[in-house]
Each structure stands twice: as structure tokens, then as C-alpha cells.
Amino acid sequence: MGILEVKGVNKRFGGLQALGDVNLSIQENTVHAIIGPNGAGKSTLLNVLVGKLIPDSGSVMFDGQSVLGRKPHEICQMGISRVFQTPEIFTDLSVLENMMIPCFAKRDGSFALHAFGAALGDKEVIERAETMLEEVKLLDKRQMHAGSMSRGDKRRLEMAMCLVQEPRLLLLDEPTAGMARADTNNTIDLLKEIQDTRDITMAIIEHDMHVVFSLAERITVLAQGTPLVEETPENIKGHPKVREAYLGEAQV
Ligand code: ADP
Ligand code: MG
């Protein structure tokens, strides 16, 4: 049994079958990549995994509990976090102030802005925020404007803001999309550090095969809404079904 078990998931948008009988098992403490050509259904699947989209049929269980129909803060409380393509940080605040937000926010995700001013002087919150910044190697940049950091460092900050909530499953939707090579490598290093130092499971949707092969232990290839192959990185290169899936995209 995996920590995440997807069984028989179907999702239609009008006449289009975006997901067709998806079965997927993600093992605890592994990095599992989901790849596939544009329009394969990757983002749709991710939306189902975080409870944002209810499938027409099928089940999604995280550690034995269904995620379907749950509110975002409930998903967060279950230990599932999601990372979007563009880092979600407050560009007008300093790195430290950004980091203090999740350290201060309540577990139900509510956040009293009027009380945040007082929290800025709260030693405990500052300490927690600084410890986390140190873990992602951003402590020396704590006074910097978050908006003026590189894309890779913005991603680091966002991940730190997410990790402080101690998720058990991290879902990443193309975390290096549109990044320059240096920022992509920065992000790969970060994800490797997280993988090495934490008990965490990661499901990563990614177009960049350099990222996939640097991180993934298992790879599922999705095509037209259905998993075609699930394999180790060594076995996926040159796999005939993968080539078929990417026909015209020349990816693998
Ligand atoms: P991927 O992330 O693999 O590129 P998506 O999951 O975004 O693919 O989309 C899968 C298919 O479903 C595409 O054909 C897309 O146009 C369609 N689709 C996605 N979301 C919607 C929606 N909300 N309404 C209608 N069609 C959608
Ligand atoms: Mg997508």
C-alpha cells in the first residue's frame, strides 16, 4: 500500500475524457514523477489529488483517508501541500517576514493580519522562522526584499514556508517551468536536500527531463488521461510506449 492510492479515477470535461481509469500508487518517502505530453491530464490529476476537483468516479486515499471533497485547510491538516509553477510569496515583504507568516498562521489556515504586526516582534516566531531559513540556506538573505531574489531563491523561500507546516506529501506542478538553468539547478538541489533530510513523499509533475532524472525514483507516464507505464528512471529512457506518448514532442 502506498501513502497515496488512486483507484479508477475518471474525469470528463464535457465531451473530453481528461482522466480515464487512473490507478496510481505512490510509496511513502519516495519521489514519484508524473510526466506526459501537454494535455495529458497531469494538472487535472494534481487537482484531484488535492481535493480541488472531484472526479466522476474513483477514489483517492491519503494514508487511508479520502481526500475527495475536502476543503484546502483540511487537506493541509492531513499533511498534503501543493507547490504551483510560480512561487507563491509576498514580493513586497522581506524574506524573514514572508517566513514568519506560516510560523504565525493558525493550523486552520486563518491569518489575522491585524495581529501580524505584533507577531513581527515575537521572539518565538522569529526564531522558528530563522531556523527554517537556515535549513534552506536563506538565513543570510533574511532582510532582502523577497521580490528581488532569483527565481531559484524565491522557490527556496516558498518551499520553506510550506515545509514549516511539516507536510508528509508534497505535490509539485512543474516547479521549474520557465526557469533559467541556474535556477532549475538551485531547485533540484533544494528538492534533493529536502529528500535527504526529511520524511517526506513528493509527487512531481515536470516537463524538464533533467529535473525528472535528477530526482525521481519512480516515473509514471500519462498519455490522454491514462497511465501508460510506471517504471524506474533507468527503464524509462527509450521505452517504446514513452516514445509513442511523446510522438511529435521529442522529449525522452
Ligand atoms: P496537462 O497538465 O497534462 O497539460 P491538463 O490536465 O491541464 O493537461 O488538461 C487535460 C485536458 O483537459 C486538456 O485537453 C485540457 O484542455 C482539458 N481541460 C483541463 N481543464 C479543463 C476544464 N476546466 N474545462 C475543460 N477542459 C479542461
Ligand atoms: Mg499542466
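All chains use their own residue numbering, which begins from 1 and follows the written sequence. Written order decides the labels, with chains lettered from A and ligands numbered from 1. Local features are withheld for residues below a pLDDT of 70 in this predicted model, meaning they are given only at 70 or higher, and side-chain atom pairs are given and counted only at 80 or more; totals for whole chains, interfaces and linings count all residues. Excluded from the side-chain calculation are hydrogens and water; included are all heavy atoms of the structure.

Asker: Tell me about the sheet that holds strand β4 (residues 57-62), and name the residues and values.
Answerer: At least two bridges found by DSSP between two strands is the condition for calling them paired. Here a helix means four or more residues in a row that DSSP labels H or I, a strand means two or more in a row labelled E, and each is numbered from the N terminus. Reading across from one edge, β2-β1-β4-β5 is the order of the four strands in this open sheet, with antiparallel pairing throughout. The strands lining the two open edges of the sheet, one partner per strand, are β2 (16-26) and β5 (65-66). Pairing geometry for strand β1 (residues 4-13) and β4, over five bridges, is antiparallel. The partner of Asn-10 across the bridge, within β4, is Ser-57. In this description, contact between two residues means that some pair of their heavy atoms is separated by no more than 4.5 Å. Helix axes are fitted only over the stretch in contact, all axes being lines through C-alpha atoms; the angle between N-to-C directions runs from 0 to 180 degrees. Helix α1 (residues 42-49) contacts β1, β2 and β4 of the sheet and is inclined by roughly 60° relative to β2.

Asker: If you had to explain α1 to someone new, which residues and values would you point to?
Answerer: Count 3.6 residues to each turn of an α-helix, and residues three or four apart come out pointing the same way. Any residue under 20% of the maximum accessible area for its type is buried, any over 50% is exposed, and the rest in between are partly exposed; the area is computed with a 1.4 Å probe on protein chains only. Across the eight residues that make up α1, a large majority, seven, are buried. Considered for burial, the residues of α1 that qualify are Lys-42, Thr-44, Leu-45, Leu-46, Asn-47, Val-48 and Leu-49. Two residues or fewer past α1, Gly-51 is found with a positive phi of approximately 75°.

Asker: Can you break down the side chain of Thr-176 residue by residue, with the values?
Answerer: Structurally, the position occupied by Thr-176 is in the loop between β7 (169-173) and α7 (181-197). Among residues more than four places away in sequence, those in contact with Thr-176 are Thr-184, Thr-187, Glu-206, Asp-208 and Val-211.

Asker: Lay out the sheet that holds strand β10 (residues 226-231) with the relevant residues and their values.
Answerer: Read from one edge of the open sheet, six strands run β6-β7-β8-β3-β9-β10, paired in mixed fashion. Both outer strands of the open sheet, β6 (80-83) and β10, are each paired with one neighbouring strand and no more. On average, each strand axis in the sheet is inclined to that of its neighbour by 20°, with strand direction left out of account. Along the sheet face, α1 touches β3 (31-35), β6, β7, β8 (201-205) and β9 (218-223) and points at about 150° away from the line of β7.

Asker: Hey, could you go over the packing of helix α3 (residues 95-104) against helix α5 (residues 123-135) for me, with residue numbers and the actual values?
Answerer: Viewed as axis vectors pointing N to C, α3 and α5 meet at an angle of 115°, and their least axial separation amounts to 8 Å. By the angle between their directions, the pair α3 and α5 is classed as roughly perpendicular. Read as a crossing pair, α3 and α5 show a hand that is right-handed. Between α3, through Val-95, Leu-96, Met-99, Met-100, Cys-103 and Phe-104, and α5, the contact on the second element is made entirely by Val-125, Ile-126, Arg-128, Ala-129, Glu-130, Met-132 and Leu-133. When residue character is reported, Ala, Val, Leu, Ile, Met, Phe, Trp, Tyr, Cys and Pro are called nonpolar, Asp, Glu, Lys and Arg charged, and the others, Gly included, polar. Across the contact of α3 with α5, the residue classes break down as 11 nonpolar, no polar and two charged. Convention used here: angles under 35 degrees read as roughly parallel, angles over 145 as roughly antiparallel, angles from 65 to 115 as roughly perpendicular, and any remaining angle as oblique. In this scheme the crossing of two helices becomes right-handed for a clockwise turn of the near helix relative to the far one and left-handed for an anticlockwise turn of less than a right angle.

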